Amino acid sequence: MSPRAYRSAREIAAAVQAGDVAVTDILGQSAAALAEADQGPEPINAFLSVDINRSAGAELRPGPLTGVPVAVKDNIVTIDFPTTCGSRILEGYQSPFDATAVTRLRAAGAVVIGKTNLDEFGMGSSTEFSAYGPTRNPVDRSRVPGGSSGGSAAAVAAGVVPIALGSETGGSVRQPAAFCGVVGIKPTYGRVSRYGLVAYASSLDHIGVVGRTVDDAALGLQVVSGHDPRDSTSALREPPSLEGTGSLEGLVIGVPSEYFPDSLNPGIAANCRAALRLMEDRGAEIREVSLPSTRYAIPAYYIIAPAEASSNLSRYDGVRYGVRPPDVKGATELYERTRALFGPEVKRRIMLGTYALSAGYYDAYYGRAQRVRGLIVRDFDWVFASGVDLIFTPTAPTTAFRLGERLDDPFEMYLSDVFTVTANLAGIPALSLPIGRVDGLPVGGQLMGPRWSEPLLVNAARALERELASDPSFAAAPLVNQETGR
Ligand code: GLN
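None of the values given here were measured: they were computed from a predicted structure.

Parameters and conventions
- Residues numbered from 1 in each chain as written.
- Predicted model: local features only at pLDDT ≥ 70, side-chain atom pairs only at ≥ 80, totals over all residues.
- Heavy atoms only, no water.
- Buried < 20%, exposed > 50% of the residue type's maximum accessible area, 1.4 Å probe, protein only.
- Helix = DSSP H or I, 4+ residues; strand = E, 2+ residues; numbered from the N terminus.
- Pairing = 2+ DSSP bridges.
- Patch = residues over 30% accessible without salt bridge, like charges linked within 9 Å, V, L, I, M, F, W, Y side chains within 5 Å.
- Areas by Shrake-Rupley, 256 points an atom, 1.4 Å probe, with all protein chains shown as cover.
- Salt bridge = Lys/Arg side-chain N within 4 Å of Asp/Glu carboxyl O.
- Near = heavy atom within 4 Å.
- Polar contact = N/O pair within 3.5 Å; in protein donor to acceptor, adjacent residues only side chain to side chain.
- Nonpolar A, V, L, I, M, F, W, Y, C, P; charged D, E, K, R; others polar.
- Expected span 1.5 Å × (residues − 1).
- Arc of directions from axis to C-beta.
- Contact = heavy atoms within 4.5 Å.

> Looking at this model, I keep getting lost on the pairing of strand β2 (residues 69–73). Mind explaining?
A large share of β2 lies buried, amounting to five of its five residues. Burial of β2 is two-sided: the residues Pro69, Ala71 and Lys73 facing one way and the residues Val70 and Val72 facing the other way are all buried. Where β2 meets strand β4 (residues 163–168), three bridges bridge the pair, whose relative direction is parallel. Paired with Val72 across the strands is Leu165, a residue of β4.

> So what exactly am I meant to see when it comes to a nonpolar patch on the surface here?
A contiguous nonpolar surface patch, about 290 Å² in accessible area, is contributed by Tyr355, Tyr361 and Tyr365. Tracing the backbone through its elements, the reader meets Tyr365 in helix α12 (residues 363–385).

> Sorry, what's going on with the pattern of salt bridges here?
Charged atoms that come close allow side chains of opposite charge to pair. Going through the model one piece at a time under the given rule, you end up with 21 salt bridges. Glu243 is the partner of Arg10 in a salt bridge, and the nearest nitrogen-oxygen pair spans 3.3 Å. Here Arg10, found in helix α1 (residues 9–17), pairs with Glu243, found in the loop between α7 (214–224) and β7 (252–256); they are 233 residues apart in sequence, far enough to count as distant. Among the residues examined, Arg10 registers a relative accessible area of 29% and is labelled partly exposed. Put simply, Arg462 and Asp215 hold a salt bridge, and the shortest N to O gap is 2.7 Å.

> When you look at the site of the ligand in this model, what are you seeing that I'm missing?
By nearness alone, 15 residues border the ligand, and Thr169, Gly170, Ser172, Tyr200 and Tyr301 come closest of all. Note that an oxygen atom of the ligand is positioned 2.5 Å from one of the side-chain N or O atoms of Tyr200. Contact distances for the ligand include 2.8 Å between a nitrogen atom and a side-chain N or O atom of Asp417. Within the complex, 100% of the 290 Å² of free accessible area of the ligand lies under protein. Grouping the amino acids of the shell around the ligand by side-chain chemistry returns four nonpolar, eight polar and three charged.

> Honestly, helix α11 (residues 344–357) in this entry has me stumped. Any pointers?
Structural remark: α-helix, 3.6 residues per turn; residues separated by three or four positions point the same way. With 14 residues, α11 should reach 20 Å at 1.5 Å per residue; the first-to-last C-alpha distance of 20 Å fits that figure. Those residues of α11 that sit buried are Glu345, Val346, Arg349, Ile350, Gly353 and Ala356. Axial view of α11: buried residues confined to an arc of 135°, hence all on one face. For α11, the exposed residues set more than 90 degrees away from the buried face come down to Pro344 and Met351. In this structure, the buried residues of α11 make contact with α9 (297–312), α10 (330–339), α12 and α13 (410–414).

> What is the right way to look at unusual backbone geometry in this model?
Apart from glycine, the bulk of residues carry a negative phi angle, and the bulk of peptide bonds sit in the trans form. A cis amide bond links Gly147 with the next residue in sequence, Ser148, at an omega value of 10°. In this structure, Ser148 sits in the loop between β3 (111–116) and α5 (150–157). You will see that Asp439, though not glycine, has its phi angle at about 50°, which is positive. By the secondary structure assignment, Asp439 is in the loop between β10 (430–438) and β11 (441–448). With a relative accessible area of 76%, Asp439 lands in the exposed category. Phi is positive for Trp452, close to 70°, though the residue is something other than glycine. Assignment of secondary structure puts Trp452 in the loop between β11 and α15 (454–470).

> For this particular structure, what's the right way to read the pairing of strand β5 (residues 183–186)?
In summary, the side chains of a regular strand alternate between the two faces of the sheet. Side chains Val183 and Ile185 of β5 all project onto a buried face; the interleaved residues Gly184 and Lys186 project onto the opposite face, where all are buried too. One ladder, built from three bridges, connects β5 with strand β6 (residues 206–211); its direction is antiparallel. Each residue of the ladder has a partner; that of Gly184, found in β6, is Val210. Where β5 lies against β10, three bridges are found, and the strand directions are antiparallel. Among the inter-strand pairings, Ile185 is bridged to a residue of β10, identified as Leu431.

The following block contains the structure:
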């Protein structure tokens, strides 16, 4: 079998079920891609723990992902791999159970091959804030893969797995997907159980899916969706049907001017305009809309997320969770020495959040940020109520930046999320797909829809992906090299 014979999760599952290929061969392809990714002086370093062979002997369950190798972000717990959240404080931590999303992947026949790198506890936009070394972008190894699900996006982009689980608090699936030239979906809040997702900011946290194609990402999302009594915020809804071929005919696509500022990278703006023209050609109506509260989204997010984080991360005290240093004298020293294991960005967030919640400041910061969140929700509600089906924007204001470039400037790093945090604040589903390249680097286009509109969102993205692939002006800069499949 040629090493690139089976690339999509759907193809792999069908071939394995038909007996056309052995799972060991599929896993062998993953191992070869992984070895190639980690070869040389600039390894991709997408995984924090990985064991492809151990998985090879496991009994196969029949299902939509039979025999499909998948990777899981290392802040989603698994019974067979450690869960570190990219932090020294959880070094070697072994969960006694699987997250619900992982249970569902395995029940669908998927083979979990390992856990992917991330910014510590999901705090960051480049995967450089991992305590275990940065992940590099497979498209250009001098650049970051985005974050915080950079390991998941890089594992998919490097061809190690067709599908990976990520998590999002403010864009951590979509932004790395955009930087690495793959697809990332964040579902509606409540669609996918958060049981077993290590909490960062619970009202904003979501599990999302990275895939090489829209179809694969949708298949992964369908498998992990659905009510879970173990997560009280999980909605009482059946998993959606995300099958379909997709069409743009008759859709009203809203384009918010606030997402196309003058400072936007001109190449990204040009790619977005070209994608919009293509959608219009294929029967969509493009309508300018306004989401005026967008300018307050980053400030509100960077109050709410750290505030919730400062509370959620109090459990790492060396007693309940967290490495317990040897020979400590007394509780104070235990807390101090355990919590010193947090990295600099996590400490910054805890301090910001504790301050925002402190007596006398609560109303001025957290209370106000919550009111801004209400305005952002209302902006989206109005636009969708006015007859707009989906909204189209760039996913990120720049392409992948160089390693180290933003490490000294937290604010610059936070601005990577300017187009993605709004969907987390509003809890609406959103997706990033590759729409072109600038200077050889992938550009992501974002589609956002009303709550529970995943079927529409995914099918519009399928159609756009197909039209982009068949359009000669886009085909001139292929998103996926047809020869190598990379
Ligand atoms: N970059 C954002 C942050 O640091 C978003 C991270 C995420 O979505 N987990 O909070």
